[in-house]
Amino acid sequence: SLWAASSLAVTAFRHVAILMPLLGLALGSLRIDAVMLNQPIIEIAQDSDGEFNISRAIHTVAAAQACGAMQASAVPWPRLDVSQATVKLVNARGETLEIADVMFLGKPINSLTWQLSLSLPAVASASGRLATGSHWRHEIAFDLDDSAIAAHFLPGLDPRLQDSLPRDAVGRWAGEIA
């Protein structure tokens, strides 16, 4: 399992492959080129304040970088290939929504920029870039095909209003973690 800063499990997996050059390992320098996860179970949970476990983990890393406890590395992140994942979305009320056959691919473009793509069949797709430096700048293009996910995380939403939510949304998100 991988753990978020809050000590909540973020993912569990059955099959993991980590690719690294054997020559580098023999010479005493460890560099991971790729991580492949097959059929992981990824839980994204919202607490009572509306914050998600994965966002707490990202904020913790960003805060460590900002105070100098962790330097933004010039070593590129490895390629991350996630296939046939099951994503469990747990809202603040403890209700769970599962999405199967999720695919994710992240690959380094250069030492500080990562290109990513995400596919949640019949639900959403996204692609974009993430800069892994101190502000974690990101730009994501998304296509949401089902509003059930958004409604799942809106506290107190009258179920009668769910039918009035738009079923599709296409857009671009740009931001950074300060």
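In what follows, the structure referred to is the one given above.
Residues numbered from 1 in each chain as written. Predicted model: local features only at pLDDT ≥ 70, side-chain atom pairs only at ≥ 80, totals over all residues. Heavy atoms only, no water.

This paragraph deals with the side chain of Asn53. One can find Asn53 in helix α2 (residues 53-66). A polar atom in the side chain of Asn53 sits 3.1 Å from the backbone oxygen of Glu43. (Helix = DSSP H or I, 4+ residues; strand = E, 2+ residues; numbered from the N terminus. Polar contact = N/O pair within 3.5 Å; in protein donor to acceptor, adjacent residues only side chain to side chain.)

On to the pattern of salt bridges, then. Counted according to the given criterion, the structure contains four salt bridges. Glu95 is paired through a salt bridge with Arg93; the nearest N and O atoms lie 3.1 Å apart. The partly exposed category is assigned to Glu95, whose relative accessible area is 39%. (Salt bridge = Lys/Arg side-chain N within 4 Å of Asp/Glu carboxyl O. Buried < 20%, exposed > 50% of the residue type's maximum accessible area, 1.4 Å probe, protein only.)

This paragraph deals with the nonpolar core. Core analysis: the largest hydrophobic core is formed by 20 residues, its most contacted members being Val82, Ile99, Val102 and Leu120. Counting residues per element, the ones that place at least two in this core are β4 (34-38), β6 (79-90), β7 (96-108), β8 (113-120) and β9 (124-131). Element by element, the count of residues in this core is highest for β6, at four residues. (Core = buried A, V, L, I, M, F, W, Y, C linked by side-chain atoms within 4.5 Å.)

Here β6 pairs with β7 via eight bridges, running antiparallel. Within the sheet, the bridge partner assigned to Val82 lies in β7 and is Phe104. Counted between consecutive antiparallel strands, the loop separating β6 from β7 contains five residues, among which Gly94 sits at a positive phi close to 85°. Taken together, the six bridges between β7 and β8 define a ladder with antiparallel strand orientation. Within β8, the position partnered with Met103 by the bridge is Ser119. The hairpin formed by β7 and β8 contains four residues between the paired strands. (Pairing = 2+ DSSP bridges.)

Another aspect to go through is unusual backbone geometry. One non-glycine residue, Gln84, adopts positive backbone phi at about 50°. Tracing the sequence through the fold places Gln84 in strand β6.

Here we come to the packing of aromatic side chains. Counted under the stated rule, the structure contains one aromatic pair. Relative to Trp114, the ring of Phe104 has its centre 5.9 Å away and its plane inclined at 40°; by these criteria the two rings are tilted. Of this pair, Phe104 sits in strand β7 while Trp114 sits in strand β8, placing them 10 residues apart in sequence. For the pair shown, Phe104 and Trp114 are each scored as buried. (Phe/Tyr/Trp six-rings, centres within 6.5 Å; stacked < 30°, edge-to-face > 60°.)

With respect to the secondary-structure elements, Ile99 resides in strand β7. Remark: the alpha-carbon pair of Ile99 and Val123, spanning 24 residues in sequence, is separated by 8.3 Å.

Looking now at the environment of Ala124. Tracing the chain through its elements places Ala124 in strand β9. Here the alpha-carbon distance between Ala124 and Asp145, two residues 21 residues apart in the chain, equals 5.3 Å. Setting aside residues up to four positions removed in sequence, Ala124 forms contacts with Leu118, Ser119, Asp143, Leu144 and Asp145. (Contact = heavy atoms within 4.5 Å.)

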